[in-house]
Amino acid sequence: MAVQTLEEFIATYGNPDKPPPVFEPGPEAAQWPTILVKAGDKAAIVQFMNVGADSDGQHLCIDVHAFVAGRTARASVFGMESGRRLEGFADTDAAGTSHGVPAARLVAVLIGAQTETGGQ
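Residues numbered from 1 in each chain as written. Predicted model: local features only at pLDDT ≥ 70, side-chain atom pairs only at ≥ 80, totals over all residues. Heavy atoms only, no water.

Colleague: Give me the lowdown on the layout of surface pockets, citing residues and values where you can.
Modeller: When its volume is computed, the largest pocket comes out at roughly 1,600 Å³. Taken together, 38 residues form the lining of the largest pocket, with Phe9, Ile62, Arg105, Leu106 and Val107 sitting closest to its centre. Listed by contribution, the elements that provide at least two residues to the lining of the largest pocket are helix H1 (6–13), strand E1 (34–39), strand E2 (42–51), strand E3 (59–68), strand E5 (76–81) and strand E9 (106–110). Residues that form the lining of the largest pocket fall into these classes: 30 nonpolar, four polar and four charged. Each pocket or cavity is described by its volume, and for the second largest pocket that value is around 310 Å³. Forming the boundary of the second largest pocket are 13 residues, of which Leu60, Ser98, His99, Val101 and Ala103 lie nearest the centre. Contributing elements (two or more residues each) for the lining of the second largest pocket: E3 and strand E8 (101–103). The element best represented in the lining of the second largest pocket is E3, accounting for four residues. Across the lining of the second largest pocket, the residue classes tally to nine nonpolar, three polar and one charged. (1 Å grid on protein atoms, 1.4 Å probe; cavity = no way out; pocket = protein on both sides within 12 Å on 5 of 7 lines; lining within 4 Å. Points joined across faces, edges and corners; volume = space filled by probe spheres on them. Helix = DSSP H or I, 4+ residues; strand = E, 2+ residues; numbered from the N terminus. Nonpolar A, V, L, I, M, F, W, Y, C, P; charged D, E, K, R; others polar.)

If you want it as structure tokens, here you go:
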């Protein structure tokens, strides 16, 4: 059975001896947390921000900036919904929306080997 609540997720996948850090800066915060995550020569700067001041327009924005070998890089992303991988979050693929755009329950960001495909 898939978890349905934040508490169920933490109980199922979290470490009971070390709860995850919680940041709640509030909408008036001038600076939200930025975290650097590294694995070998891959790195990501994860930036959090609160966008919109009213309750109807407010949303949590998470930006991921990719780096490989210390240089800016590209990251790929896909979604997961009910065990199905969603590429591109097309309206026809996504079962729902978040803030009015197609969305998935899980969003994975991958930072790996960099290649050029001829496009920009």
